[in-house]
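# What the coordinates show
Read off the chains here:
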Amino acid sequence: MSLLAASVTSTGEAVQFWILGTVAVLGALSTVLMKKAVHSALCLAATMIVLAVFYLANGAYFLGIVQIVVYTGAIMMLFLFVVMLVGVTAADSLKETLKGQRWLAAFAALGFGILLIAGIGQAGISQFNGLAAANSGGNVQGLAALIFTKYVFAFEITGALLITATVGAMLLTHRERTERASTQRELAEKRVRENKHVPPLPAPGVYARHNAVDIPGLLPDGTPSELTVNKTLRERGQIRDVSQEALDDLKALEQRSAERLGRDREEENAQ
């Protein structure tokens, strides 16, 4: 395919490119500029969906489906759920833990921009076969032929890098134990010697007529027990206190039970 033929696009393709390209760029910028991690993750997911549409529009059906199912549907949603459950705040996301990482990020972005411009320039001045020739035997078959023949070495190197990154992440999160782990019996004896809570801790919501993890359980006398809720929820102030409501419900239940028992006794006496 000649360079002139490759540069000719239809009106629909041009409209699609400029609209979706604008959405992708805005999503990418919002990913970097948003203060909340959840909003950044949502913007990144939108950008990935737009990239999947580009793949599908250009005939790369396998890459488009993988982009949606794997990256957007699995990895990004998993990351989004983790961020929402952990509760990362804006102060945590803006805290610079490594000195000089912003300058390193700017240098890496500059290098990536140079490579991107060089790749686009190379594609603009050289001829290429086009997707029609590449997908002549099928998109998946053509992609497999390129991966396992022409680019097999680069594919293997990429796999080795991913495995190395996984092993490195495991080593960074692993902490060496300097002492022997205590058994359950030793832990129980330690609680007895220290005069702590000897029996197992009560579950959340016990005697509170509710089973939510953010509601403290009530002791038999009606007072809430802080031992029944997670320490993280206590530090965040995300505990709902329904002790008075539970006591009111319990009092109303006892009153209804007493009235019912009284009526039953009156009926028995009448008979």
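Residues numbered from 1 in each chain as written. Predicted model: local features only at pLDDT ≥ 70, side-chain atom pairs only at ≥ 80, totals over all residues. Heavy atoms only, no water.

Turning our eyes to something else, we now look at the pattern of salt bridges. Pairing between side chains of opposite charge can happen when the charged atoms of each approach one another. Under the definition given, this model contains one salt bridge. When the shortest N-O distance is used, the salt bridge between Glu189 and Arg185 registers 3.3 Å. Of the two residues, Glu189 and Arg185 are both situated in helix H10 (residues 184–193); the distance of four residues between them amounts to about one turn of the helix. (Salt bridge = Lys/Arg side-chain N within 4 Å of Asp/Glu carboxyl O. Helix = DSSP H or I, 4+ residues; strand = E, 2+ residues; numbered from the N terminus.)

Here helix H2 (residues 11–33) contains 23 residues, and its C-alpha end-to-end distance of 33 Å stays within 8% of the 33 Å for a straight helix at 1.5 Å per residue. For H2, every residue scored as buried is listed here: Leu20, Gly21, Ala24 and Gly27. Buried residues along H2 sit against helix H3 (37–57). (Expected span 1.5 Å × (residues − 1). Buried < 20%, exposed > 50% of the residue type's maximum accessible area, 1.4 Å probe, protein only. Contact = heavy atoms within 4.5 Å.)

Here the structure, examined in full by the defined rule, presents three aromatic pairs. Ring centres of Phe17 and Phe54 lie 6.1 Å apart, and the angle between their planes is 40 degrees; this geometry places the pair in the tilted category. Here Phe17, found in helix H2, pairs with Phe54, found in helix H3; they are 37 residues apart in sequence, far enough to count as distant. Residue class for Phe54 comes out buried when judged on its relative accessible area of 15%. Note on Phe148 and Phe155: the rings are 5.9 Å apart at their centroids and 65 degrees apart in plane angle, and the pair reads as edge-to-face. Among the aromatic residues, those joined into a cluster by ring pairs are Phe17, Trp18 and Phe54. (Phe/Tyr/Trp six-rings, centres within 6.5 Å; stacked < 30°, edge-to-face > 60°.)

Here we come to a nonpolar patch on the surface. Judged by side-chain polarity, Ile65, Ile68, Val69, Val70, Tyr71 and Ile75 come together as a nonpolar surface patch covering roughly 510 Å² of accessible area. As for its position among the elements, Ile75 is in helix H4 (residues 61–86). Residue Ile75 is classed as partly exposed on the basis of its relative accessible area of 47%. (Patch = residues over 30% accessible without salt bridge, like charges linked within 9 Å, V, L, I, M, F, W, Y side chains within 5 Å. Areas by Shrake-Rupley, 256 points an atom, 1.4 Å probe, with all protein chains shown as cover.)

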